[in-house]
Each structure stands twice: as C-alpha cells, then as structure tokens.
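Fold and contact review
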Amino acid sequence: GQQVMQIPQYQHVQEGEDFTTYCNSSTTLSNIQWYKQRPGGHPVFLIQLVKSGEVKKQKRLTFQFGEAKKNSSLHITATQTTDVGTYFCAGISGGGADGLTFGKGTHLIIQP
Amino acid sequence: KAGVTQTPRYLIKTRGQQVTLSCSPISGHRSVSWYQQTPGQGLQFLFEYFSETQRNKGNFPGRFSGRQFSNSRSEMNVSTLELGDSALYLCASRQGMAYEQYFGPGTRLTVT
C-alpha cells in the first residue's frame, strides 16, 4: 500500500532559526495536505497542494509540492515559540481508495 | 459552525471488554474518518464512511468496526480490547474526498 515517509522525526531549533520538514511518498500523489498538532491537541489543517511544482505561502510558512508529485516540504522562516508542535503531511493517491495516508510527523521543539 | 465533537473524551477499560466511541461531524459534512494515534505508530487510518457506506479501510483487525448513521454521525467499536489498543482515537470530517479534514478533540482510551 501507499507509504508516506517524513523526516526528520524530531527537530530542535533556537527561536529565530529556520525549520524544514520533508515528506516522500512511495506513489504519485493526487494531492498532499499539511497539518499541525499542538501538544495535547488535535491535528489542524494548514494547506493543500494539488499541482505539480506548486508553491504556497502562509506568512512565515512555505509549502512545496514536487514536480513528480511524490514529495513535499514545509519550511518555516524565523521560528517562534508558537510554532511548537508536530507537523504532519498526508497524501492521497489515485482515487483515494486508501484514504489519507499520514506521515509520522516531525516534532518541532524550539529553545528560546 | 460547531466543530467535530467526540464522546467520551476519556475512557478506561479492561482487557477483553468492548468499547463504542461516538463522533458528530461538522454540519453538512458527509464523510467521517477514524484514526488511531499512538507515540510509536503515529496517525494510522482506521476507516472512512461516506453517506453511511464504508469507503476505505485501513490495515486493522476485524475487532475494529464502525458505522455511520443517516445524520452523518458515526460510531466506532472495538471488541475484545487489548493493551495495545490504548491510544488517542481521532475522528475527522470533510465535505468530500478532495477536501481538508477537520479533526475532533479525540477520545483517549486506556486499556488496563
């Protein structure tokens, strides 16, 4: 079945540094979604990418979808303490028969 | 609009018992998905229902089952509980396959 790998598993940064998490799928994706889960909370939708090579920005967050639609990345510029949490990518391939497949997430830890 | 609600929020059960969890989706959302979240395995897809029909199913044993009612509310049942079933069970609703998911706060199940 479809697999979505996400790296790194943990990332420690100093406040103000940049952060990037990468997502790779074993199959071509029809779209990819990103979610954020704060400690003790539930995943919250951030964005969806659909087109090959698509780049979307939300303030300090930049999301990219690879040309082959098998990989994606999330980059945060100048991290703040409010960015703490786990970032998940989730992909759908083909007709979505397998539902949304989530990566295991990247835990972002920020040291003030 | 009210968000996704899940009941109960916390549950303690004994090995061998069964449990039923409930999820009420956002008004107008006909798709409900269930996920199991554990520190070791991350977010794992259980199943998805759309208009009372199971559309997708993850790789979980038959002890895990679900259903959806005509008002889109969904229930998940786990029979013959095992210690390894201890997890946060998340429900998510969405308008359709290409749309983002909205997660509920989850039910924390502890099996002793």
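Now for a description of the structure that goes with this document.

Conventions used here
- Residues numbered from 1 in each chain as written.
- Chains lettered and ligands numbered in written order.
- Predicted model: local features only at pLDDT ≥ 70, side-chain atom pairs only at ≥ 80, totals over all residues.
- Heavy atoms only, no water.
- Pairing = 2+ DSSP bridges.
- Helix = DSSP H or I, 4+ residues; strand = E, 2+ residues; numbered from the N terminus.
- Axes fitted to C-alpha atoms, helices over the stretch in contact; angles between N-to-C directions.
- Disulfide = S-S within 2.5 Å.
- Buried < 20%, exposed > 50% of the residue type's maximum accessible area, 1.4 Å probe, protein only.
- Phe/Tyr/Trp six-rings, centres within 6.5 Å; stacked < 30°, edge-to-face > 60°.

Focus on the sheet that holds strand β6 (residues 55–58) of chain A
In any sheet, the strands associate via hydrogen bonds between backbone groups, in a parallel or an antiparallel arrangement. Residues and elements named next belong to chain A. Here five strands make up an open sheet; going across it, the order is β1-β3-β8-β7-β6 and the pairing antiparallel. Each end of this open sheet is capped by a strand with a single partner; those strands are β1 (4–7) and β6. The sheet shows a mean angle of 15° between the axes of neighbouring strands, taken without regard to direction.

Focus: the state of the cysteines
Residues and elements named next belong to chain B. Taken as a whole, this structure holds two disulfides over all chains when the rule is applied. Linked covalently through their sulfurs, C23 and C91 form a disulfide whose S-S length is 1.7 Å. Sign of the S-S torsion, about -50° for the bond between C23 and C91, identifies this disulfide as left-handed. Residue C23 is located in strand β3 (residues 19–24), and its partner C91 is located in strand β9 (residues 87–94); the two are separated by 68 residues in the primary sequence. C23 sits in the buried class, given a relative accessible area of 0%.

Here we look at the packing of aromatic side chains
How two aromatic rings sit relative to each other is given by the distance of their centres and the angle of their planes. Tallying each qualifying case throughout the model produces twelve aromatic pairs over all chains. Between F88 of chain A and F102 of chain A, the aromatic rings sit 6.2 Å apart at their centres with planes inclined by 80°, giving edge-to-face as the arrangement. With F88 of chain A in strand β9 (residues 85–92) and F102 of chain A in strand β10 (residues 101–102), the pair connects residues that are 14 residues apart, well separated along the chain. Comparing F88 of chain A with F102 of chain A, the two get one shared label, buried. Ring geometry for Y35 of chain B and F103 of chain B: centres 5.6 Å apart, planes at 45°, overall tilted. In this pair, Y35 of chain B is assigned in strand β4 (residues 31–38) and F103 of chain B in strand β10 (residues 102–103), connecting sequence segments 68 residues apart. In this pair, the class of Y35 of chain B matches that of F103 of chain B, namely buried. Each residue in the set Y35, F45, F88 and F102 of chain A together with Y35, F45 and F103 of chain B is aromatic and connected to the rest through ring pairs, giving one cluster.

Observations concerning the sheet that holds strand β1 (residues 5–7) of chain B
All names here are of chain B. One open sheet accounts for four strands, arranged β1-β3-β8-β7; its pairing is antiparallel. Taken across any chain shown, the strands that pair with only one partner, and hence form the sheet edges, are β1 and β7 (64–68). On average, adjacent strands in this sheet sit at an angle of 20° to one another, irrespective of strand direction. In this structure, β7 lies alongside strand β8 (residues 74–78), joined through five bridges in antiparallel fashion. Along β8, the bridge assignment pairs G66 with M76.

Geometric values such as these leave the question of function open.
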